[in-house]
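Here are the chains, one letter per residue:
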Number of protein chains: 2
Amino acid sequence: MKIGREQNRTPIFTTLKNHWEGRPVSGHVPGHKYGKVFPVEGQAYFEGILKIDVTEITGLDDLHDPEEMIKEAQELAANLYGSEATYFLVNGSTVGNLAMILATCKRGSRVLVQRNCHKSILNGLELAGAEPVFLSCGYDAGVGVSISVSKNEVEIALQTIDNICAVILTNPSYYGISIELEEIIKMIHEKDIPILMDEAHGAHFVLGDPFPVSALALGADVVVHSAHKTLPAMTMGSFLHIQGNLVNKESVAYYLRMLQSSSPSYPIMASLDLARYYLACCLDNNGVPAIVRDAFCIREELKKLDGITVVVPENTRLVMDPLKVVIRSTRGLSGFDLQKILEKEGIFVELADALNVLIILPLSVKRVKHDMIERIERALRHSGKSSGEQLLQVQVPPFPVTISQLAIPLRDQQKHEAVVCRIEDSVGSVSAESVIPYPPGIPVLLKGELITKPVVDYILQLKKLGARFQGNDLLKSNYISIYKKEKE
Amino acid sequence: MKIGREQNRTPIFTTLKNHWEGRPVSGHVPGHKYGKVFPVEGQAYFEGILKIDVTEITGLDDLHDPEEMIKEAQELAANLYGSEATYFLVNGSTVGNLAMILATCKRGSRVLVQRNCHKSILNGLELAGAEPVFLSCGYDAGVGVSISVSKNEVEIALQTIDNICAVILTNPSYYGISIELEEIIKMIHEKDIPILMDEAHGAHFVLGDPFPVSALALGADVVVHSAHKTLPAMTMGSFLHIQGNLVNKESVAYYLRMLQSSSPSYPIMASLDLARYYLACCLDNNGVPAIVRDAFCIREELKKLDGITVVVPENTRLVMDPLKVVIRSTRGLSGFDLQKILEKEGIFVELADALNVLIILPLSVKRVKHDMIERIERALRHSGKSSGEQLLQVQVPPFPVTISQLAIPLRDQQKHEAVVCRIEDSVGSVSAESVIPYPPGIPVLLKGELITKPVVDYILQLKKLGARFQGNDLLKSNYISIYKKEKE
């Protein structure tokens, strides 16, 4: 694929570089003054970047009102991705998810939401005071993880629920598993309902086959990409793409201005500019076959190793991102234990769950491939068998199998009093906190949801296996916050 | 002042450095893999920092649930500042302001707010659906800028308004001018009302006399500091300090988790750690006299230059931050024109207004002082007189002189239809947008406020003089969004 010559430009990075090379004197923030005022201990790491860690001075544009280099960089990204407009985000996909929800859902609006969404989606719904109706998620037994929604369930929801202001979906999953979206998107658009897509793990899908198809190419109205996850962007750098006339662009921009720092980070913006350029170069130089071949090689080498297996979806209609590799112990180790063994050899993976370990490969594996395989092999050689048979005890709890609503709606929750109880005694109560193992940051239990026995068992198992939870302080001592029953 | 030896530690930075030096293999995000996958063009600037641009892997703690290095670094900051708890922010003071408001103000809660606050305060009130009652701000004729509230006005407000859930103040001003807060804070605390303080420009006040006294030392409940503004932290790095029992710490933490990226930037966190360490070293080595002496020297040298004057507050009870220097043309140039002249010599200032230019000095001026004075002198030598007498035309409009509420409350605004009209014809209507010149990001007109003739004249003058506005796209063609009158 040949792309336009203008994609060779990097307007933000180049302007910042030129600004620095012009030997500016800083009478402005930040206080490190291009790195001149900084602890000597940190200079080796910070010296380079602080030269371009600037603020909204003349010539350096303004993310919240772009007219110059930032506008051009965002347009280049929009051109590459085929969106009508692309916004650079400096507060991660989190802020993209919050803004797309606030821009489309008013207080009390009914919105269809895939149950296994990222916590930022739930936070956006809470901020907006919307009324979510949850779509149950699919499940793939091959990898043992939940996936996106089924066409059938979306169809039923659209037929039985009125006044839906938006449908919020998440695809691919954290594990890189992608469902077929084309018909689902078509069905929703036939009702003129906007589709808000958390495609955090798909910023590189624009590379084309054999990567899954992006929801953007299929017409989703807003698509959020964590550029930092799979592209060479700095952490917190993301894209929000928008197209069509179902979502008001000015409203999305309004909430992005509201929720992002009024002093956004120029290094992060410059890294988004360079990441888009990197992608464009891959396409221009026909780099995709090499990326895919290298990733395939790593999978094949991992398959040959004793002690692990590479798992893939059972359902062949699902598309697996070639850059995601899910491995599992063949010696009875949990994912958490396998992770620990790898870490002893300095291999840090993206996440572990009860069963698996997820490895994310980069767009160029040349400089990491050899070292990775060699060290994984060493790690496996040194590890014995599992001490117990804990793997067999792990049961993933069934998520609600039908379309469901919260037992206490978001907008009523402030009126209810929360009390603390032992997690074992919480079955039948309504949870006053979301329980979110992180990563992947997908809630096991939602604030306002009825607590069931399988969910309690699952949480206790996750704790025992060493999973980490964000913000669930009570859980550390086996307590949970629930809504008091007396109050209606 | 001698500080504890533990202040020599930099737990986040040191742990990240050690992690990198352990030659880790990345099977995780971000996609640049410690900088190994990155466009060659950007490497000189990004190479160093990408070695520590990591994610929540084992050993690197989690900002949203800190237990290890981040917890320790936050505690060191709390110790230095004398707060009960300090949170590291990676989305600027913006997110600190939003979180402290959401944690204290429920829908419909009445809250006292200083009128000349940063837009993030107004955004927080809108998100919370609170009912602000605005306190008019003071004015200093010497610098020609608004300052914080008067004791008298706070007293009247506390006597006449019931059920106040919080008082939100801003001090010092963007120009570094600080009011005496002690009695105001005491008066508010006598009523057990929490004080939320946007002290964005005061992160260095902990250095002590002659810097203004921090509201934290005076007992304010929540204090937000833009560490990146005056300390050597990366842009978007801020602190939120909390103390006392009037504000629920867990609630503040809840909203910070909600509003900040679930993949927060480690370089920004490490820079906050180093910035706190830098401050501690200043205190430990008795560095304050040198900082103050250097800043004084710069002011004196600037005073000697032809064509400008250094302005100071008229009211001697106001304390001016020694690191803020406000200069003004003596040749009839507007602040905006003076800014342009300086920029031609490569001196970039923090902001210009109709009258002034604001220069922010760093904590160590050694490496910038000589170059700055020399270039400013050159700039002034080369500049002629002003072509017109535009300065005389500039009139700062009177802000409301009494306690005031919005003509259309925040929580009702969604129900009203917005229409567009020429700004000249908008007098007497209610504005459907806030008009915010940036910098300083302090609204001239609030969404929901009645539009008056002096405000329209001021906006038109600012436009003519070259001020920039964030998100006021209509204004570029002299239009403004107002609420339709027919609807009640």
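Whatever comes next refers back to the structure up there.
Residues numbered from 1 in each chain as written. Chains lettered and ligands numbered in written order. Predicted model: local features only at pLDDT ≥ 70, side-chain atom pairs only at ≥ 80, totals over all residues. Heavy atoms only, no water.

## Describing the pattern of salt bridges
Phase 1: Evaluation of the coordinates by the stated rule reveals 50 salt bridges over all chains.
Phase 2: Measuring nitrogen to oxygen at the nearest pair gives 3.1 Å for the salt bridge that ties A:E345 to A:R378. Residue A:E345 is located in the loop between α12 (335-344) and β15 (347-349), and its partner A:R378 is located in helix α13 (residues 369-382); the two are separated by 33 residues in the primary sequence.
Phase 3: On the accessibility criterion, A:R378 (28% relative accessible area) is partly exposed.
Phase 4: Put simply, B:E126 and B:K447 hold a salt bridge, and the shortest N to O gap is 3.1 Å. Residue B:E126 is located in helix α5 (residues 119-128), and its partner B:K447 is located in the loop between β19 (418-422) and α15 (453-465); the two are separated by 321 residues in the primary sequence. Accessibility classification places B:E126 together with B:K447 in one group, the buried group.
Phase 5: Because the salt bridges share partners, they merge into one network encompassing A:D65, A:E67, B:D473 and B:K476. (Salt bridge = Lys/Arg side-chain N within 4 Å of Asp/Glu carboxyl O. Helix = DSSP H or I, 4+ residues; strand = E, 2+ residues; numbered from the N terminus. Buried < 20%, exposed > 50% of the residue type's maximum accessible area, 1.4 Å probe, protein only.)

## Here's the deal with the side chain of B:K33
Phase 1: Among the secondary structure elements, B:K33 is positioned in the loop between β1 (25-27) and α2 (43-50).
Phase 2: Although B:K33 is buried, it forms no salt bridge, and the closest oppositely charged side chain is A:E350 at an N-O distance of 6.7 Å.
Phase 3: A distance of 2.8 Å separates a polar side-chain atom of B:K33 from the backbone oxygen of B:H28.
Phase 4: Non-local contacts of B:K33, meaning those with residues more than four positions away in its chain, are made with A:I360, A:L361, A:P362, B:S26, B:G27 and B:H28. (Lys, Arg positive; Asp, Glu negative; His and termini not counted. Polar contact = N/O pair within 3.5 Å; in protein donor to acceptor, adjacent residues only side chain to side chain. Contact = heavy atoms within 4.5 Å.)

## Here's the deal with the nonpolar core
Across soluble globular proteins, nonpolar side chains have a tendency to be buried as a group.
Phase 1: Counting residues in hydrophobic clusters, the biggest one holds 269 residues, and the most contacted among them are A:F46 and B:F46.
Phase 2: Contact partners of A:F46, with chain neighbours within four places excluded, come to A:F38, B:F13, B:I49, B:I52, B:M234, B:P267, B:A270, B:S271 and B:L274.
Phase 3: Core analysis: the second largest hydrophobic core is formed by 78 residues, A:C117, A:V252, A:L259 and B:L256 among them. (Core = buried A, V, L, I, M, F, W, Y, C linked by side-chain atoms within 4.5 Å.)

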